[in-house]
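# Commentary on secondary and tertiary structure
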Amino acid sequence: MNLGNCPRCGKLFAMNFRDICPDCTKGIELEYQTCAEYLRENRGSTMDELSEATEVTTRQIIKFIREGRISVIDAPNLSYPCEVCGTTFITESNMCTSCRTRLTKEFSQSIKDGQARKDADIHGKGAYSAINKYNK
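A quick note: this is a predicted structure, and the numbers were derived from the prediction, not measured.

It is worth spelling out the layout of surface pockets at this point. If you add up the space inside the largest pocket, you get close to 360 Å³. Going through the elements one at a time, α1 (22-41) and α3 (58-67) are the ones with two or more residues in the lining of the largest pocket. Considering each element in turn, the lining of the largest pocket owes the most residues, four residues, to α3. Broken down by class, the residue content of the lining of the largest pocket amounts to three nonpolar, three polar and seven charged.

In C-alpha cells form, the structure reads like this:
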C-alpha cells in the first residue's frame, strides 16, 4: 500500500488511482457539479463570472476544461490562457495560433538543419573515407 500526502489538503492517505485524497476528490466533484449547473443556467458567462458565482478557482475551472469535463462549445464565452505563452486566451486546444505557428516553424527548421547535417556528413566522406592500409 502506497501512502502519500494529498497535495491539496496535506492529509495522509492511501494512494490508489488518484493523486488526491478521497475528501478532496469529493470536493472537486462538488465544484464540478456547481460549475456545470451554473453553466446550464448561464450559458454566456465568462471565466471570471463563473468563478465568482460558484466560488471555484479559475485554475480549477481551467483544469475541468482541459480534462474535457466542461465543454467550451457549450459555453462560448469561456476562454483560458495558452499553455505556452499564457497571455493569449483561447477556446480550444492548448496553444494559441501564434505559438502553434512558431512551434511549427521551429520544428521544420530543425528538420532542415538535421537534413543539412546529414547531407554534409554524406558528402564529406568522399575520398577521405577510404581505408588507409598503412595506418591500421
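Here the focus is the pairing of strand β2 (residues 12-15). Here strand β1 (residues 2-5) pairs with β2 via four bridges, running antiparallel. For Leu3, the partnering residue across the bridge sits in β2 and is Ala14. Taken together, β1 and the strand that follows it, β2, pair antiparallel across an intervening segment of six residues, in which Gly10 is found at a positive phi of about 90°.

Time to look at the nonpolar core. By size, the foremost hydrophobic cluster in this structure holds 25 residues, and its most contacted members are Cys35, Met47, Ile61, Ile65, Ile70, Leu78 and Tyr80. Looking at this core, the elements with two or more residues in it are α1, α2 (47-54) and α3. If sequence neighbours within four positions are ignored, Cys35 has contacts with Leu50, Thr54, Val56, Ile61, Phe64 and Ile70.

Further remarks concern the packing of α1 against α3. Between α1 and α3, the shortest axis-to-axis distance is 11 Å and the interhelical angle comes to 80°. With respect to their mutual orientation, α1 and α3 come out roughly perpendicular. Of the residues in α3, those in contact with Ile28, Glu31, Tyr32 and Cys35 of α1 are Gln60, Ile61 and Phe64. Class assignment for the residues of the contact of α1 with α3 results in five nonpolar, one polar and one charged.

As a packed pair, α1 and α2 sit with axes 10 Å apart at the nearest point and diverge in direction by 120°. Classified by the angle their axes make, α1 and α2 are oblique. For the crossing formed where α1 meets α2, the hand is right-handed. Judged by residue contacts, Thr34, Cys35, Tyr38 and Leu39 of α1 engage Glu49, Leu50, Ala53 and Thr54 from α2. The class makeup of the residues in the contact of α1 with α2 is five nonpolar, two polar and one charged.

Bringing the packing of aromatic side chains into the picture now. The full count for this structure, using the stated rule, is one aromatic pair. When the centroid spacing of 5.5 Å and the interplanar angle of 70° are considered together, the rings of Tyr32 and Phe64 count as edge-to-face. In this pair, Tyr32 is assigned in helix α1 and Phe64 in helix α3, connecting sequence segments 32 residues apart. Looking at Phe64, the relative accessible area reads 0%, which means it is buried. Positioned above the aromatic ring of Tyr32, the side-chain terminus of Arg69 is 4.3 Å from the ring centre.

Here is what the cut-offs are and how they apply
- Residues numbered from 1 in each chain as written.
- Predicted model: local features only at pLDDT ≥ 70, side-chain atom pairs only at ≥ 80, totals over all residues.
- Heavy atoms only, no water.
- 1 Å grid on protein atoms, 1.4 Å probe; cavity = no way out; pocket = protein on both sides within 12 Å on 5 of 7 lines; lining within 4 Å.
- Points joined across faces, edges and corners; volume = space filled by probe spheres on them.
- Helix = DSSP H or I, 4+ residues; strand = E, 2+ residues; numbered from the N terminus.
- Nonpolar A, V, L, I, M, F, W, Y, C, P; charged D, E, K, R; others polar.
- Pairing = 2+ DSSP bridges.
- Core = buried A, V, L, I, M, F, W, Y, C linked by side-chain atoms within 4.5 Å.
- Buried < 20%, exposed > 50% of the residue type's maximum accessible area, 1.4 Å probe, protein only.
- Contact = heavy atoms within 4.5 Å.
- Axes fitted to C-alpha atoms, helices over the stretch in contact; angles between N-to-C directions.
- Parallel < 35°, antiparallel > 145°, perpendicular 65-115°, else oblique.
- Left-handed = near helix turned anticlockwise from the far one by under 90°.
- Phe/Tyr/Trp six-rings, centres within 6.5 Å; stacked < 30°, edge-to-face > 60°.
- Lys NZ or Arg CZ within 6 Å of the ring centre and 35° of its normal.

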